[in-house]
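Structural overview for review
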Amino acid sequence: MDNPYYLGVAVTALASAVSQILLSISARKRYPSKWREYLNPWVISAYGILIGVLVSNIYLLRFMDLKEENAIAAASYVFVPVLSCAVLKERMSWKKVLGNVFIVAGILLFLQTA
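Residues numbered from 1 in each chain as written. Predicted model: local features only at pLDDT ≥ 70, side-chain atom pairs only at ≥ 80, totals over all residues. Heavy atoms only, no water.

With that settled, the discussion passes to the nonpolar core. If you look at the biggest cluster of nonpolar residues, it comprises 11 residues: Tyr-6, Val-9, Ala-13, Leu-60, Met-64, Ala-71, Ile-72, Ala-74, Ala-75, Ile-107 and Leu-111. With three residues, helix 1 (residues 6-27) is the largest single contributor of residues to this core. Each residue touching Met-64, except ones within four places of it in the same chain, is listed here: Asn-3, Tyr-5, Tyr-6, Val-9, Glu-69 and Ile-72. (Core = buried A, V, L, I, M, F, W, Y, C linked by side-chain atoms within 4.5 Å. Buried < 20%, exposed > 50% of the residue type's maximum accessible area, 1.4 Å probe, protein only. Helix = DSSP H or I, 4+ residues; strand = E, 2+ residues; numbered from the N terminus. Contact = heavy atoms within 4.5 Å.)

What follows is the structure in structure tokens.
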């Protein structure tokens, strides 16, 4: 876990989760037309972030193994429910909390053995 590029992948995982929250916010709104439904600031921002995440991950893969990048990127599965609770006021069940604990433990275990 001494690779300084791990933090970059963690930031891209968080950015990916933010883009998913933006898409969820957009999906909760009503729009007067199909064009507005897909071409609004929420959706455009979300896809812009995803493009940035994609480019960043390709760059970061130059400095780390794919297996390590994928393990850290799995943190987005933790970030999405946490951000959903904070931003969208969704409730997190004990099963989701337990699942998130297992995901974090798996990431840490994998990186210790990699």
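Now, onward.
Let us now look at the pattern of salt bridges. According to the stated counting rule, one finds two salt bridges in the structure shown. Linking Arg-28 and Glu-90 is a salt bridge whose minimum nitrogen-to-oxygen distance equals 2.7 Å. Residue Arg-28 is found in the loop between helix 1 and helix 2 (34-38), and its partner Glu-90 is found in the loop between helix 5 (76-87) and helix 6 (94-113); the two are separated by 62 residues along the sequence. We note a salt bridge from Glu-37 to Lys-34, for which the minimum N-O separation is 3.4 Å. Pair noted here: Glu-37 and Lys-34 are both in helix 2, with a separation of three residues, about one helical turn. On the accessibility criterion, Glu-37 (29% relative accessible area) is partly exposed. (Salt bridge = Lys/Arg side-chain N within 4 Å of Asp/Glu carboxyl O.)

Turning our attention to the packing of helix 1 against helix 5. At a closest axis distance of 9 Å, the pairing of helix 1 and helix 5 adopts a crossing angle of 45°. For the element pair helix 1 / helix 5, the angle class is oblique. Here helix 1 runs over helix 5; the crossing is right-handed. Contacts between helix 1 and helix 5 pair Ala-10, Ala-13, Leu-14, Ala-17, Val-18, Gln-20, Ile-21 and Ile-25 from the former with Ser-76, Phe-79, Val-80, Leu-83, Ser-84 and Val-87 from the latter. (Axes fitted to C-alpha atoms, helices over the stretch in contact; angles between N-to-C directions. Parallel < 35°, antiparallel > 145°, perpendicular 65-115°, else oblique. Left-handed = near helix turned anticlockwise from the far one by under 90°.)

If you trace the backbone, Met-92 turns up in the loop between helix 5 and helix 6. Measuring from C-alpha to C-alpha, the distance between Met-92 and Ala-17 comes to 16 Å, with 75 residues separating the pair along the chain. Discounting residues that sit within four places of it in the chain, Met-92 has contacts with Pro-81, Val-82, Cys-85, Val-97 and Asn-100.

It is worth spelling out the packing of helix 1 against helix 4 (residues 66-73) at this point. Two elements in contact, helix 1 and helix 4, have axes separated by 8 Å at closest approach and are oriented at 45°. The angle between helix 1 and helix 4 places the two elements in the oblique class. Remark: the crossing between helix 1 and helix 4 carries right-handed chirality. Note on element contacts: helix 4 touches helix 1 through Glu-68, Glu-69, Ile-72 and Ala-73, opposite Tyr-6, Val-9, Ala-10 and Ala-13. Among the residues forming the contact of helix 1 with helix 4, the class breakdown is six nonpolar, no polar and two charged. (Nonpolar A, V, L, I, M, F, W, Y, C, P; charged D, E, K, R; others polar.)

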